[in-house]
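Summary of structural features
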Amino acid sequence: MSTFVLKIQDLDEAGKDWNFAIGTDWLASALADTELSAGAQDGRLTVHAQRTGMDVLVQAHVEAELAATCARCLADVPITVDLPLTGLFSPEHMRPHGSDEIDVQLHEVNRDYFGGAEVVLDPMVREYLLLEAPMKPLCSDACEGIAIPDHLRPPAEVFGDAAPDSRFAPLLKLKEALTKNEE
Ligand SMILES: [Zn+2]
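The rules behind these values
- Residues numbered from 1 in each chain as written.
- Predicted model: local features only at pLDDT ≥ 70, side-chain atom pairs only at ≥ 80, totals over all residues.
- Heavy atoms only, no water.
- Buried < 20%, exposed > 50% of the residue type's maximum accessible area, 1.4 Å probe, protein only.
- Helix = DSSP H or I, 4+ residues; strand = E, 2+ residues; numbered from the N terminus.
- Arc of directions from axis to C-beta.
- Contact = heavy atoms within 4.5 Å.
- Salt bridge = Lys/Arg side-chain N within 4 Å of Asp/Glu carboxyl O.
- Core = buried A, V, L, I, M, F, W, Y, C linked by side-chain atoms within 4.5 Å.
- Donors = N, O, S within 2.8 Å, 3.2 Å for Na, K, Ca; no water.
- Tetrahedral: all angles 85-135°; square planar, octahedral: opposite > 155°, others 65-115°.
- Phe/Tyr/Trp six-rings, centres within 6.5 Å; stacked < 30°, edge-to-face > 60°.
- Domains from an automatic or database assignment.
- pLDDT = per-residue confidence, 0-100.

This brings us to helix H2 (residues 122-130). By the burial criterion, the buried members of H2 are Asp122, Met124, Val125, Tyr128 and Leu129. Down the axis of H2, the sector holding all buried residues measures 165°, keeping them to one side. In the core, the buried residues of H2 are packed alongside helix H1 (24-30), strand S4 (43-52), strand S5 (55-69), strand S6 (76-91), strand S7 (109-114) and strand S8 (118-120).

Shown next, in the form of structure tokens:
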């Protein structure tokens, strides 16, 4: 089900405004197969759209709260999206053969197509949010990773200075011998 839908009959050459909530449930399903997830709050999509000849020019602004996962400690890393989005939608029959993916970029006029009596913005908005996913999200640059609780730490003798296990004695002798050879 598409959520951000402009009806062609509502459009004119002067342009009109729309204001959509980007619900957390929309975000959750749009981001389901990605590294990102929905934040705690609804976002907002404000749209100004106008006809230009056969096409529909959409100038929008996307605001959303997303969350990524810290690459070191797996905590949520909040990501705030607050970006202008420009799209030019052409009639479906203008679509080049074999291209049904949209390639969305920041600071560009992005192209998509509409069939029937509606311009659907959902795929473009989704692609746009994905642009904001960091390659390696960190909750902070100083993140030290997952803290191991005390009761899960290995006992000190495993890595500590305690006397080596007698089973390692032959290895230690060998190491001594090698060290002497180097001298
Ligand atoms: Zn972290």
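Moving on, there is more to tell.
So, about the pattern of salt bridges. All told, the structure shown has 4 salt bridges when counted by the stated rule. Two residues, Glu92 and Arg95, come together in a salt bridge whose shortest N-O distance is 2.6 Å.

One finds Leu45, Val47 and Leu121 to be the most contacted residues of the largest nonpolar core, which totals 39 residues. Among the elements of the structure, strand S2 (16-22), H1, S4, S5, S6 and H2 are those that each provide at least two residues to this core. Considering every element that reaches this core, the biggest residue donor is S5, with 7 residues. Leave out the neighbours within four places in its chain, and Val47 touches Leu6, Lys16, Asp17, Trp18, Phe20, Val58, Gln59, Ala60 and Leu121.

Coordination sphere of the zinc ion, protein contribution only: Cys70 (SG), Cys73 (SG), Cys139 (SG) and Cys143 (SG), at 2.3 Å. Viewed at the metal, the 4 donor atoms of the zinc ion are separated by angles of 106 to 114°, and the geometry they form is tetrahedral. For the zinc ion, the single-chain donor residues occur in sequence as C-x2-C-x65-C-x3-C. For Cys70, a relative accessible area of 1% translates into the label buried.

Moving on: the packing of aromatic side chains. Within the structure shown, the criterion is met by 2 aromatic pairs. Ring plane angle 55° and centroid distance 4.9 Å describe the contact between Phe4 and Trp26, whose orientation is recorded as tilted. On the criterion of sequence distance, the pair formed by Phe4 in the segment before strand S1 (5-7) and Trp26 in helix H1 is long-range, its members being 22 residues apart. Considered together, Phe4 and Trp26 belong to a single accessibility category, that of buried residues. Feature note: the residues Phe4, Phe20 and Trp26 constitute an aromatic cluster, connected by ring pairs.

This paragraph deals with the domain arrangement of the protein chain. With domains assigned, the protein chain is organised as domain 1 (5-130) and domain 2 (150-182). Inter-centroid distance (C-alpha atoms) of domain 1 to domain 2 is 60 Å.

On to the confidence of the model for the protein chain. Segments scoring low in pLDDT should not have their predicted coordinates read at a detailed level. Per-residue confidence for the protein chain gives a mean pLDDT of 88, with 93% of residues at or over 70. Averaged pLDDT values for the elements of the protein chain fall to 61 in helix H3 (residues 156-159) and rise to 98 in S2.

Moving on, we come to the side chain of Ser90. Positionally, Ser90 belongs in strand S6. According to the relative accessible area criterion, Ser90 is buried, its value standing at 0%. Discounting residues that sit within four places of it in the chain, Ser90 has contacts with Asp55, Arg111, Asp112, Tyr113 and Phe114.

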